[in-house]
Amino acid sequence: MRSSRAEKIKCRVLAAAALLFLTSHAAAQTASTPAAPPQVALCTACHGPNGNSQIPLTPSLAGQPKVFIENQLVLIREGLRDIPQMKGMLDTLKDPELVALANHFSAQTPAKPTGSINQEVFERGKALSAKMLCGSCHLPDYSGRQQMPRLAGQNEAFLAYSMKQFRDHAGLGRDTVMSASLFGLKDNDLADLAHFLANYK
Amino acid sequence: MKNRIALCGALIAVGLSQAIAQTAPPPPAWQQGRGTDQAASPLAPVAGKLTATPVSELPIDKLKLPAGFKAEVWSHGTPGVRAMARSESGKVYVGSRGLGRVYEISDNGKERTSRIVVDKLNQPAVAFHKGSLYVMAIDKVLRFDGIEQNPNVAPVDLTAKFNLPPEQHHNWKYIRFGPDGKLYVPFGAPCNICELPTQEYAQLRRYDADGSNMEVIGRGIRNTQGFDWHPVTQEIWFTDHGRDWLGDDTPADELNRMSKTGLNFGFPYCHANGIADPDVKKDKACEGVTLPVTTMGAHAAVMGLHFYTGNMFPAEYKNAMFIARKGSWNRTKKSGYDVVMVKANADGTNAQMTPFVTGFLDEKTDDFFGRPVYLMQMPDGALLLSDEQTGAIYRISYAKQ
């Protein structure tokens, strides 16, 4: 827990440094560079190298579908999805900049999961996922598509947290389809699913 | 007796589903009726897009229309645009999904600019009536009085007067004031296919403008997202979406005509041209059901319907209907994604459907470039067509060649 908090503080500091760097170098940016958008350093300070997060409750962005990232960035910027850690971060960004970020992170390679697997929990999650038809929308390899996120290899704690959010807090900007899909599942069901998906290779 | 058995079966089913709720939660509304044969199907609702699409990425060059017709970009940069309403002074108001915004689009004759009137609403639709903008979301009704003169006017909240039911699915709105000055509002079925949880769904209602004197004018209507009044008979004609998960080609969406109030249009027991539902069964499922004027293609997602009364288009289009089909998701190969023209006799006989705007869909690759949803006629007789996917509005005009 302590190390995760230290990580969080570190990531905020890094983000602030990246923001400073951006502001001072804004004039030097050229429109023609096809390289990573200038804000990427700000994102990866928390979301990890290439968007592979090392902070439990911060999601990985690498390899997420482009439309999914675009839509989430808009929802967060417009305040329809309330994420305290993201507050204000996107205020100045216009749609084309969000699209550029989505392009960038969707093209990154997701890191292979390296956590230790509890086989019993993993199997329970696998069976539940098959029963719940998660792979129907998120695809059988859980790589996601369009508006539906990649689940394979996502941080376990984030997956569990996120599913609870869907289950308990249906609302604006939150997908009612997903809320309905998780209706009635218990916390330990969600934990099983999260363990399976986070370790899915 | 049969009814009693059916009721008993339904009650047992409800009891059972409650008893096993912990281990087998109900499927989400759009998945209801999905049979075991479809369990491996990868079909899922198509993604909406929340970012503004740059003009250079709009599919305008792909669109194909009959000879003499032209489509051009009228406005853009308003993600999720759906139904439009025009004020006396020419402002165009547009509802949207996703971001839940209502946009006001101003036209100086050369170019269009937009601003957000209100946002964070639950899928709002718009109508303009006697100087006021009416905004209706799934769970809210707002009236902006004199908004043309006073852009920042605070809305009057009429929600309590309209007595809106709680379920959200299929209760996204399309609203219009009729020739009788009443506000017409659909209340969709809160599922793909189900016995209605309460009787306040799957119906079309009308209200006085202030929300009083509510009257249910039609039932058994699964999900209508477009209606208009016949220019001669003043009868209301409406589109209705058919159910999903019965296969690629059945049941079809509908174009219906309401010759009088109080008719039953079939949901959940009877679909399209008289197809009894295999999941929600009733003896003589289609008895007493008003069948459609014509079917409109399975899963095509029939949206806005407009009777053309302008003088710009050739005479053959006078009083013909234009209907936007947003396009399918519950189909192996996509279909719809176009605007069709439908001509029919005033009594609903002899309906003929022909393509009008195509090119939103590439049938070879199964890719789509836009989702046409609503039509609005301008004073010069041109049609505006909104594209929910790209957040653009196109102007369709005609010039003799």
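Below or above, wherever it landed, is the structure these notes cover. (Residues numbered from 1 in each chain as written. Chains lettered and ligands numbered in written order. Predicted model: local features only at pLDDT ≥ 70, side-chain atom pairs only at ≥ 80, totals over all residues. Heavy atoms only, no water.)

1. A closer look at the overall build of chain A
A count of helices and strands for chain A gives 9 helices and 0 strands. Secondary structure elements in chain A, listed N-terminal to C-terminal, are α-α-α-α-α-α-α-α-α. Residues counted as buried form 46% of the 201 residues belonging to chain A. When contacts within chain A are restricted to residue pairs at least 6 apart in sequence, those whose partners lie at least 24 apart make up 67%. A total accessible area of about 10700 Å² is found for chain A, and carbon and sulfur atoms account for 59% of it. (Helix = DSSP H or I, 4+ residues; strand = E, 2+ residues; numbered from the N terminus. Buried < 20%, exposed > 50% of the residue type's maximum accessible area, 1.4 Å probe, protein only. Contact = heavy atoms within 4.5 Å. Areas by Shrake-Rupley, 256 points an atom, 1.4 Å probe, with all protein chains shown as cover.)

2. With respect to the side chain of Lys173(B)
Residues and elements named next belong to chain B. Note on placement: Lys173 falls in the loop between α2 (159–162) and β10 (176–177). Buried Lys173, no salt bridge; nearest opposite-charge side chain is Asp139, N-O distance 9.4 Å. Within the structure, Lys173 has its side chain in polar contact with the backbone oxygen of Asn171 (distance 2.8 Å). Within the local environment of Lys173, its side chain forms a polar contact with the backbone oxygen of Pro186, the two atoms lying 3.0 Å apart. Those residues within four positions of Lys173 in sequence are excluded, and the remaining contacts are Gln123, Ala125, Met136, Ala137, Val185, Pro186, Phe187 and Gln225. (Lys, Arg positive; Asp, Glu negative; His and termini not counted. Salt bridge = Lys/Arg side-chain N within 4 Å of Asp/Glu carboxyl O. Polar contact = N/O pair within 3.5 Å; in protein donor to acceptor, adjacent residues only side chain to side chain.)

3. Regarding the nonpolar core
Residues and elements named next belong to chain B. Formed by 27 residues in total, the largest nonpolar core has its most connected members in Met84, Phe227, Met258 and Ile393. Residue assignment for this core shows that the elements contributing at least two residues are β2 (81–86), β3 (92–96), β4 (102–107), β14 (226–229), β15 (236–240) and β27 (372–377). Excluding its chain neighbours within four sequence positions, the residues that come into contact with Met258 are Leu204, Ile217, Gly218, Ile221, Glu235, Ile236, Phe238, Leu263 and Phe265. (Core = buried A, V, L, I, M, F, W, Y, C linked by side-chain atoms within 4.5 Å.)

4. Observations regarding the packing of aromatic side chains
Using the criterion set out here, one finds 28 aromatic pairs over all chains in the structure. Each ring, one from Phe122(A) and one from Phe196(A), has its centre 5.0 Å from the other, and the planes form 70 degrees; the classification is edge-to-face. Taken together, the residues span a long stretch of sequence, with Phe122(A) in helix α5 (residues 119–132) and Phe196(A) in helix α9 (residues 187–198) at a distance of 74 residues. Like Phe122(A), the residue Phe196(A) is buried in the burial classification. For the pair Phe196(A) and Tyr200(A), a centre-to-centre distance of 5.7 Å together with 80 degrees between the ring planes defines the contact as edge-to-face. Phe196(A) gets classed as buried once you look at its relative accessible area, which sits at 2%. Using a relative accessible area of 24% as the deciding quantity, one classes Tyr200(A) as partly exposed. An aromatic cluster of three or more residues is present, and its members are Phe69(B), Tyr308(B), Phe313(B), Tyr317(B), Phe322(B), Phe356(B) and Tyr398(B). Over the face of the ring belonging to Trp172(B) we find Arg97(B), whose NZ or CZ atom lies 4.4 Å from the ring centre. Stacked on the ring of Phe187(B), the Lys or Arg Arg205(B) has its end atom at 3.7 Å from the ring centre. (Phe/Tyr/Trp six-rings, centres within 6.5 Å; stacked < 30°, edge-to-face > 60°. Lys NZ or Arg CZ within 6 Å of the ring centre and 35° of its normal.)

5. A short note on the state of the cysteines
All names here are of chain B. Here the structure, examined in full by the defined rule, presents 2 disulfides over all chains. Here Cys191 engages in a disulfide with Cys194; their sulfurs sit 2.0 Å apart. Here Cys191 and Cys194 share a disulfide; its torsion about the S-S bond, -75 degrees, makes the bridge left-handed. Given the relative accessible area of 1%, Cys191 is considered buried. On the accessibility criterion, Cys194 (15% relative accessible area) is buried. (Disulfide = S-S within 2.5 Å.)

6. Description of empty space enclosed by the protein
Residues and elements named next belong to chain B. Following the criterion strictly, the structure yields 2 cavities of 30 Å³ or more and no others. Each pocket or cavity is described by its volume, and for the largest cavity that value is around 60 Å³. As for the largest cavity, its lining consists of 14 residues, and the residues nearest its centre are Arg222, Asp240, His241, Glu254 and His271. Sorting the residues of the lining of the largest cavity by element identifies β16 (252–258) and β18 (270–271) as the ones contributing at least two each. Grouping the amino acids of the lining of the largest cavity by side-chain chemistry returns 5 nonpolar, 5 polar and 4 charged. One number sums up the size of the second largest cavity: a volume of about 50 Å³. Around the second largest cavity sit Arg82, Ala83, Gly95, Ser96, Arg97, Gln123, Pro124, Ala125, Val126, Lys173, Tyr174 and Tyr374, which together line it. Among the secondary structure elements, those contributing two or more residues to the lining of the second largest cavity are β2, β3 and β6 (125–129). The class makeup of the residues in the lining of the second largest cavity is 6 nonpolar, 3 polar and 3 charged. (1 Å grid on protein atoms, 1.4 Å probe; cavity = no way out; pocket = protein on both sides within 12 Å on 5 of 7 lines; lining within 4 Å. Points joined across faces, edges and corners; volume = space filled by probe spheres on them. Nonpolar A, V, L, I, M, F, W, Y, C, P; charged D, E, K, R; others polar.)

7. Considering the packing of helix α7 (residues 156–168) of chain A against α9(A)
Residues and elements named next belong to chain A. Remark: α7 packs on α9, axes separated minimally by 8 Å, with the N-to-C direction vectors making an angle of 140 degrees. With respect to α9, the axis of α7 lies oblique. The handedness of the crossing between α7 and α9 is right-handed. On α9, the residues touching Glu156, Leu159, Ala160, Met163, Lys164 and Arg167 of α7 are Asp187, Leu190, Ala191, Leu193, Ala194, His195, Leu197 and Ala198. When the residues that make up the contact of α7 with α9 are grouped by side-chain class, the tally is 9 nonpolar, 1 polar and 4 charged. (Axes fitted to C-alpha atoms, helices over the stretch in contact; angles between N-to-C directions. Parallel < 35°, antiparallel > 145°, perpendicular 65-115°, else oblique. Left-handed = near helix turned anticlockwise from the far one by under 90°.)

8. Thoughts on the interface of chain B and chain A
Facing the 29 residues of chain B at the interface are 28 residues of chain A. Buried area between chain B and chain A, both sides added, is near 2200 Å², and the carbon and sulfur share of it is 59%. With its nearest N and O atoms 2.9 Å apart, the salt bridge here joins Arg101(B) to Glu78(A). Here the residues of the side of chain B that touches chain A are counted per class, giving 16 nonpolar, 9 polar and 4 charged. (Buried area = accessible area lost by both parts, 1.4 Å probe.)

9. With respect to the packing of helix α2 (residues 40–47) of chain A against helix α4 (residues 95–106) of chain A
Residue and element names in this part refer to chain A. Contact geometry of α2 with α4 gives a least axis separation of 11 Å together with a crossing angle of 50 degrees. The pairing of α2 with α4 is recorded here as oblique in orientation. Viewed along their axes, α2 and α4 form a crossing whose handedness is right-handed. Counting all contacts with α2, which are made through Val40, Cys43 and Thr44, the residues of α4 involved are Leu101, His104 and Phe105. Split by residue class, the contact of α2 with α4 holds 4 nonpolar, 2 polar and no charged.

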